[in-house]
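Spelled out from the first residue to the last, the chains are:
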Amino acid sequence: MNDLYRKLVDLYAGQELPEELALDLESAAATDENLATDMATLTQTVNLLKAHPAPEFDERDFLRILFRMQTMGADISFEEAQSHPGQYQLPM
Amino acid sequence: MSSNPREDSLAEKRWLNALAKGDASAMGELYKLYGEKIFRYTFRMLGNRADAEDATAETFLRVLRRANDLRADGAFKTWLFRIARNLCIDKMRQPKLLEISGERSYSGTEERAALRVTVQAALDELPLDYREPLILCDLEDISAKEAADTLGISVPALKSRLYRGRRALREKLGGSLEKLK
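Residues numbered from 1 in each chain as written. Chains lettered and ligands numbered in written order. Predicted model: local features only at pLDDT ≥ 70, side-chain atom pairs only at ≥ 80, totals over all residues. Heavy atoms only, no water.

### Some points on the overall build of chain A
Part 1 of the argument: What chain A contains, in helices and strands, is four helices and zero strands.
Part 2 of the argument: In chain A, the order of α-helices and β-strands from amino to carboxyl end is α-α-α-α.
Part 3 of the argument: Looking at chain A as a whole, 33% of its 92 residues are labelled buried.
Part 4 of the argument: The contacts of chain A with a sequence gap of at least 6 include a subset with a gap of at least 24, amounting to 31%.
Part 5 of the argument: Within the structure as shown, chain A displays about 6000 Å² of accessible surface, and the carbon and sulfur contribution to it stands at 52%. (Helix = DSSP H or I, 4+ residues; strand = E, 2+ residues; numbered from the N terminus. Buried < 20%, exposed > 50% of the residue type's maximum accessible area, 1.4 Å probe, protein only. Contact = heavy atoms within 4.5 Å. Areas by Shrake-Rupley, 256 points an atom, 1.4 Å probe, with all protein chains shown as cover.)

Take a look at the structure:
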């Protein structure tokens, strides 16, 4: 596989190729096993990355970092009292 | 953080202007807007929750310290990521007294969870020059321009590293990709 194909496959895997060119490349891959494998495995790799789950971040994480900042001396408040995620709601 | 980038951009402008005027609530609102993104990025860079929390807190503290220099010119997000990145690199250079590993856990079927562990292990083995573009562009879905600005390189250089990184990751995944067929 030459350099041009390699560059095209990079763009193809990242879905950066215009549709017409992507179709041309798929046609070329039908008769070129190396090209077909390169396209399939690189696309799989990108798809796996894009589907890789983000680390969890919930309210406890939000508050823990907020408290860290506050203990380091930061004066951090929020626009409205209700929007402060850690605020204790007084019973009526 | 809303799911609407335009709303986020307007909110960012509003809070940056408020922060420059000394509004105490502005920092909290900017933290609400970007806290999770910065945490996710630092966690992906550092691989453990405690260091990621430290780096996230320090990132916002640095913003607070430079509140008077801030401009609502649309470059805040990139600047924020650049601060976070520098802090991560500093942390990576520090000798570790205790290596904390295995903090990442994945849900789903056993097979899927195993695959995710394999992907993470392969990512962790990549050189930083390759890993960073993958984290920013493929995992965090940040635009090539913003990622390039964060790393302080040109867009073509970013793309070159991104494409090489994907190929390097594919090599490391080798057998696992075969099993997916």
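So, next bit.
### Here we look at the pattern of salt bridges
Between side chains of opposite charge, a pair can form when the charged atoms approach closely.
Part 1 of the argument: Following the criterion strictly, the structure yields 25 salt bridges over all chains and no others.
Part 2 of the argument: Salt-bridge contacts for Asp38 of chain A lead to Arg170 of chain B; the nearest nitrogen and oxygen are separated by 2.6 Å. Taken together, the positions of Asp38 of chain A in helix α3 (residues 33–50) and Arg170 of chain B in helix α8 (residues 155–180) put the pair across two chains. Summarising the burial analysis for this pair, Asp38 of chain A and Arg170 of chain B share the class buried.
Part 3 of the argument: Put simply, Glu53 of chain B and Arg68 of chain A hold a salt bridge, and the shortest N to O gap is 3.0 Å. Of this pair, Glu53 of chain B sits in helix α3 (residues 49–65) while Arg68 of chain A sits in helix α4 (residues 59–71), on two different chains.
Part 4 of the argument: Each of Asp61, Arg64 and Arg68 of chain A together with Arg49, Glu53, Asp54 and Lys91 of chain B takes part in a single network of salt bridges with overlapping partners. (Salt bridge = Lys/Arg side-chain N within 4 Å of Asp/Glu carboxyl O.)

### A look at the interface of chain B and chain A
Part 1 of the argument: Contacts between the two partners involve 46 residues from chain B, matched on the other side by 37 residues from chain A.
Part 2 of the argument: Summing the contributions of chain B and of chain A, the shared interface buries around 3900 Å²; its carbon and sulfur component is 61%.
Part 3 of the argument: At the surface where chain B touches chain A, the tally comes to nine salt bridges.
Part 4 of the argument: When the shortest N-O distance is used, the salt bridge between Asp138 of chain B and Lys50 of chain A registers 3.5 Å.
Part 5 of the argument: On the surface where chain B and chain A come into contact, there are 16 residue pairs in polar contact (both at pLDDT 80 or more).
Part 6 of the argument: Within the residue set of the side of chain B that touches chain A, elements represented by two or more residues are α1 (5–20), α2 (24–46), α3, α5 (110–125), α6 (128–139) and α8 of chain B.
Part 7 of the argument: A per-element tally of the side of chain B that touches chain A places α2 of chain B first, with 13 residues. (Buried area = accessible area lost by both parts, 1.4 Å probe. Polar contact = N/O pair within 3.5 Å; in protein donor to acceptor, adjacent residues only side chain to side chain.)

### Some points on the nonpolar core
A general feature of soluble globular proteins is that nonpolar side chains tend to end up buried together.
Part 1 of the argument: Counting residues in each nonpolar core, the largest one holds 64 residues, and the members touching the most others are Met69 of chain A together with Val63 and Phe76 of chain B.
Part 2 of the argument: When residues of this core are assigned to their parent elements, the largest contribution, twelve residues, is made by α2 of chain B.
Part 3 of the argument: Among residues more than four places away in sequence, those in contact with Val63 of chain B are Leu19, Met27, Leu70, Phe76, Trp79, Leu80 and Ile83 of chain B.
Part 4 of the argument: With eleven residues, the next largest nonpolar core counts Val9, Ala13, Leu17 and Leu42 of chain A among its residues. (Core = buried A, V, L, I, M, F, W, Y, C linked by side-chain atoms within 4.5 Å.)

### Remarks on α4 of chain A
Part 1 of the argument: Compared with an ideal rise of 1.5 Å per residue, which puts 13 residues at 18 Å, α4 of chain A spans 18 Å between its outermost C-alpha atoms and is within 8% of the ideal.
Part 2 of the argument: Looking only at α4 of chain A, the buried set comprises Asp61, Phe62, Leu63, Ile65, Leu66 and Met69 of chain A.
Part 3 of the argument: Among the structural elements, α2 and α3 of chain B are those in contact with the buried residues of α4 of chain A.
Part 4 of the argument: Its side-chain oxygen 3.1 Å from the backbone nitrogen of Arg60 of chain A, Asp58 of chain A forms the N-cap of α4 of chain A. (Expected span 1.5 Å × (residues − 1).)

### Some points on the packing of aromatic side chains
Part 1 of the argument: This structure, assessed with the given rule, holds eight aromatic pairs over all chains.
Part 2 of the argument: For the ring pair Phe39 of chain B and Phe43 of chain B, a centre distance of 5.8 Å and an interplane angle of 45 degrees mean the geometry is tilted. Residue Phe39 of chain B and its partner Phe43 of chain B are located together in helix α2, separated by four residues, close to a single helical turn.
Part 3 of the argument: Using a relative accessible area of 0% as the deciding quantity, one classes Phe39 of chain B as buried.
Part 4 of the argument: A relative accessible area of 4% places Phe43 of chain B in the buried class.
Part 5 of the argument: Of the aromatic side chains, those joined through ring pairs into one cluster are Phe62 and Phe78 of chain A together with Tyr31 and Phe60 of chain B. (Phe/Tyr/Trp six-rings, centres within 6.5 Å; stacked < 30°, edge-to-face > 60°.)

### Regarding the packing of α3 of chain B against helix α4 (residues 76–93) of chain B
All names here are of chain B.
Part 1 of the argument: Interaxial distance between α3 and α4 falls to 9 Å at its minimum, and their mutual angle equals 130 degrees. In this view, α3 runs oblique relative to α4, as classed from their interaxial angle. For the element pair α3 and α4, the recorded crossing hand is right-handed. Contact with α3, carried on its side by Asp51, Asp54, Ala55, Glu58, Thr59, Phe60, Arg62 and Val63, involves Phe76, Trp79, Leu80, Ile83, Ala84, Leu87 and Lys91 of α4 and no other residues of that element. (Axes fitted to C-alpha atoms, helices over the stretch in contact; angles between N-to-C directions. Parallel < 35°, antiparallel > 145°, perpendicular 65-115°, else oblique. Left-handed = near helix turned anticlockwise from the far one by under 90°.)

These values are about where atoms sit, not about what they do.
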